[in-house]
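Here's the letter readout for the chains.
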Amino acid sequence: MERQKSMESGLLRKSLSIRERKHPHDDGYLEPGLSSKRHKEVKKHHNEDGECCVTTSVCLITFIVVTGSFCVGCGTGYSSVAQHGIVSDLSLSVAEYSMFGSILTLGGLIGAVFSGKISDVLGRKRTMFFCEAFCATGWLCIALAKDALWLDCGRFLLGIGVGIFSYVIPVYIAEIAPKHVRGSFVFANQLMQNFGLSLFFIIGNFISWRFLSIIGMVPCVLHVVCLFFIPESPRWLAKFGRDKECRASLQQLRGHDVDISQEANAIKDTMEFSQQSGETGFVELFQRRYVFPLIIGVGLMLLQQLSGSAGVIYYASSLYERGGFPSAIGTSVMATIMVPKAMIGTIIVDKMGRRTLLMASCAGMGLFALLLSVSYSLQSFGILPELTPLFTFISVLGYVITYALGMGGLPWIIMSEIFPMNVKVSAGTLVTVTNWACGWVITFTFNLLMQWNASGTFLIFSSISAMSIVFIYFIVPETKGRSLEEIQTLLSNSVH
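Conventions adopted
Residues numbered from 1 in each chain as written. Predicted model: local features only at pLDDT ≥ 70, side-chain atom pairs only at ≥ 80, totals over all residues. Heavy atoms only, no water. Phe/Tyr/Trp six-rings, centres within 6.5 Å; stacked < 30°, edge-to-face > 60°. Helix = DSSP H or I, 4+ residues; strand = E, 2+ residues; numbered from the N terminus. Buried < 20%, exposed > 50% of the residue type's maximum accessible area, 1.4 Å probe, protein only. Lys NZ or Arg CZ within 6 Å of the ring centre and 35° of its normal. 1 Å grid on protein atoms, 1.4 Å probe; cavity = no way out; pocket = protein on both sides within 12 Å on 5 of 7 lines; lining within 4 Å. Points joined across faces, edges and corners; volume = space filled by probe spheres on them. Nonpolar A, V, L, I, M, F, W, Y, C, P; charged D, E, K, R; others polar. Contact = heavy atoms within 4.5 Å. Salt bridge = Lys/Arg side-chain N within 4 Å of Asp/Glu carboxyl O. Patch = residues over 30% accessible without salt bridge, like charges linked within 9 Å, V, L, I, M, F, W, Y side chains within 5 Å. Areas by Shrake-Rupley, 256 points an atom, 1.4 Å probe, with all protein chains shown as cover. Expected span 1.5 Å × (residues − 1).

1. With respect to the packing of aromatic side chains
Okay, so step 1: In the structure shown here, the tally under the stated rule is 14 aromatic pairs.
Okay, so step 2: With 6.0 Å between their ring centres and 50° between their planes, Trp 139 and Phe 200 make a pair best called tilted. Of this pair, Trp 139 sits in helix α7 (residues 124–143) while Phe 200 sits in helix α9 (residues 182–203), placing them 61 residues apart in sequence. Each member of the pair, Trp 139 as well as Phe 200, is classed as buried.
Okay, so step 3: Here the aromatic cluster, defined as three or more aromatic residues joined through ring pairs, consists of Tyr 78, Phe 100, Trp 139 and Phe 200.
Okay, so step 4: The side chain of Arg 155 reaches across the aromatic face of Phe 100, ending 5.3 Å from its centre.

Right under this line is the structure:
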């Protein structure tokens, strides 16, 4: 706690020094042509705490951006609901379909490797165009597939697009959203993923797999059209010295009657400091000043996956069947609650704070994993067999709900907040690759672990969730209500 206080005091001193240099109440601070009277008028567009109000423009732009997250959810849910139809029509073996299902993760891993560099070179907006080219082509290959090779090619291309999306969407939203609602806006990424997943879980029971893949293309096309109407990230523009475009983008986001000078100057100050440090590659990334945010980002992604989340979500049906609960009922209930539970997370993330919500999520995941471990253990000993199905249903459902409320989306939010612009490419890439690589390991070994010992597997997952609480309590700072520049100052002070 003493360390946390010292970090926050350092942040306060740095923030004050920036504000004192150009005080917002001085006429010299104002843009040319903006009088003191005009400056007083624009204050009405801020809330009581001095924060800029959330504009319709920011809401619409965020909605357009997270349409890409909806595409991610559709791709994730497709392999589950399309399995019976594809295997029957194309006469695929279990091994061939397993390759089709898992190759999305491999494509995502490759996309994640290049995600940071692509988004830095092309910009956030054009990177999303780039992603949709892969996603739309992938869906088209699946829809027209005549054999396993075309299926795998389409799924692999879809995975590349999904892998890049997993980095660029939270980063873009974090760079445009007002700081007091940034968590909720970035969490909309998780909300739309769940919406796409739920939609495919439901409609996939009624339509053919080919038509379902065509439906998957629809949001890709709509997303491409809508992307023409959104601005580029002002922080990305500032990084490359495009100050005029940066201010125009910020003005569009904050409203035409709002004075954006203070925020624009803060962004410019941070970019100048980052440029003095120089662009950082993977080797330089492990310098002492970047160690703390790197530990936070990589640590959260490792704990997110090692807690078994990917295995539970991908193999929920088999978990229900092992516990004697009807899998059709279990997965239908999951599909029904996916969107409401993500909406709750979106609402409370900026009220409870990142740390509190993360620890509460890990506690819930640990308890439900422990309950599932006990349930499978009782089943193996033949004790209370009539309660095993009920325990299994409650445990899997509870685990998925508590995961979605915190650990599902918050690591991506924090990843988008903690890295300075000069290391965002290399650090963000490393963090994203860590998530996809660890996710692949869990999904590949999950069934093997379950064959070894189902109860022991979830006991391990429960223990890792408990370790996550300790890690978050002592390492992860609270970023709620702070600008990206303040967060980076906070973390840089932690190593001095």
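Here the narrative resumes.
2. Describing the layout of surface pockets
Okay, so step 1: What the largest pocket holds in volume is close to 1300 Å³.
Okay, so step 2: Looking at the largest pocket, it is lined by 42 residues, and the ones nearest its centre are Ser 79, Ser 80, Gln 83, Tyr 314 and Tyr 315.
Okay, so step 3: Broken down by secondary-structure element, the contributors of at least two residues to the lining of the largest pocket are α4 (67–81), α5 (83–90), α6 (94–122), α9, α15 (309–314), α16 (316–322), α17 (327–352) and α21 (421–475).
Okay, so step 4: Here the lining of the largest pocket takes nine residues from α6, the largest share from any one element.
Okay, so step 5: In terms of residue class, the lining of the largest pocket is made up of 21 nonpolar, 19 polar and two charged.

3. Some details on the side chain of Thr 432
Okay, so step 1: Turning to its location among the elements, Thr 432 is positioned in helix α21.
Okay, so step 2: A relative accessible area of 0% places Thr 432 in the buried class.
Okay, so step 3: With near-sequence residues (within four places) excluded, Thr 432 lies in contact with Ala 112, Ser 115, Gly 163, Ser 166, Tyr 167, Trp 412 and Met 415.

4. Focus on the pattern of salt bridges
Okay, so step 1: Under the counting rule described, the total for this entry stands at three salt bridges.
Okay, so step 2: In this structure, Asp 120 and Lys 239 form a salt bridge, with 2.7 Å as the shortest nitrogen-oxygen distance. One end of the pair, Asp 120, is in helix α6; the other, Lys 239, is in helix α11 (residues 234–239), with 119 residues separating them in the sequence.
Okay, so step 3: With a relative accessible area of 6%, Asp 120 lands in the buried category.

5. Remarks on a nonpolar patch on the surface
Okay, so step 1: Taken together, the side chains of Leu 106, Ile 110, Val 113 and Phe 114 present a nonpolar region at the surface, about 330 Å² in accessible area.
Okay, so step 2: With respect to the helices and strands, Leu 106 occurs in helix α6.
Okay, so step 3: The class of Leu 106 is partly exposed, set by a relative accessible area of 40%.

6. Observations regarding helix α18 (residues 354–381)
Okay, so step 1: The end-to-end C-alpha distance of α18, which contains 28 residues, comes to 41 Å, matching closely the 40 Å that a straight helix rising 1.5 Å per residue would cover.
Okay, so step 2: Trailing α18 by a residue or two, Gly 382 shows a phi angle of about 70°, which is positive.

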